[in-house]
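The residues making up each chain are set out below.
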Amino acid sequence: MSDQLHERLDAKIGELRAAGRMITRIDASPADIERLFVEGGATPILLDCDPNRDTAWYGDVELQASPQPGVRLLVMGDEGLQNIEI
């Protein structure tokens with residue numbers, strides 16, 4: 001498994017989407033968001049252009065800062081909403 005956070009995140013998103021699940025949000029600590037920028041470059045993370053929203057996007061998935069360490073995907077599937085840690 002890769003040590004690169006963005007590679008692990010991309011792989012998990014691809015795996016979940018291939019299984020027909022919908023990723024509704026990514027919650028990540030500020031340190032992990034910074035790591036995504038450093039490892040993957042600024043391209044995968046986009047800031048929302050709406051001045052009334054303080055959010056960002058990782059590709060087409062909303063990315064929110066969380067006070068908890070780590071990166072979690074909020075996923076909708078047959079079991080309802082789940083948090084999946086990366």
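Residues numbered from 1 in each chain as written. Predicted model: local features only at pLDDT ≥ 70, side-chain atom pairs only at ≥ 80, totals over all residues. Heavy atoms only, no water.

S.K.: Mind laying out the sheet that holds strand 1 (residues 22-28), listing which residues take part and the relevant values?
M.R.: An order of 2-3-4-1-5-6 is seen for the six strands of this open sheet, with the pairing classed as mixed. Sheet topology places strand 2 (45-47) and strand 6 (80-85) at the edges, where each strand pairs with a single neighbour. Neighbour to neighbour, the strand axes of the sheet diverge by 30 degrees on average, direction disregarded. Inspection of the sheet shows strand 3 (residues 56-58) paired to strand 4 (residues 61-65) by three bridges, in the antiparallel sense. When the bridges of strand 4 are listed, Y58 appears paired with V61. Contacting strand 1, strand 3, strand 4, strand 5 (71-77) and strand 6, helix 1 (residues 5-18) crosses the sheet at an angle of about 5 degrees to strand 5. (Pairing = 2+ DSSP bridges. Helix = DSSP H or I, 4+ residues; strand = E, 2+ residues; numbered from the N terminus. Axes fitted to C-alpha atoms, helices over the stretch in contact; angles between N-to-C directions. Contact = heavy atoms within 4.5 Å.)

S.K.: I'd like a rundown of the packing of helix 1 against helix 2 (residues 30-40), residues and numbers included.
M.R.: Angle between the axes and distance between the axes: these two values describe a pair of packed helices. At a minimum axis separation of 8 Å, helix 1 and helix 2 run at an interaxial angle of 100 degrees. Overall, the two elements helix 1 and helix 2 adopt an arrangement that is roughly perpendicular. Residue-level contacts link L5, H6, R8 and L9 of helix 1 to D32, R35, L36, E39 and G40 of helix 2. Split into classes, the residues belonging to the contact of helix 1 with helix 2 amount to three nonpolar, two polar and four charged. (Parallel < 35°, antiparallel > 145°, perpendicular 65-115°, else oblique. Nonpolar A, V, L, I, M, F, W, Y, C, P; charged D, E, K, R; others polar.)

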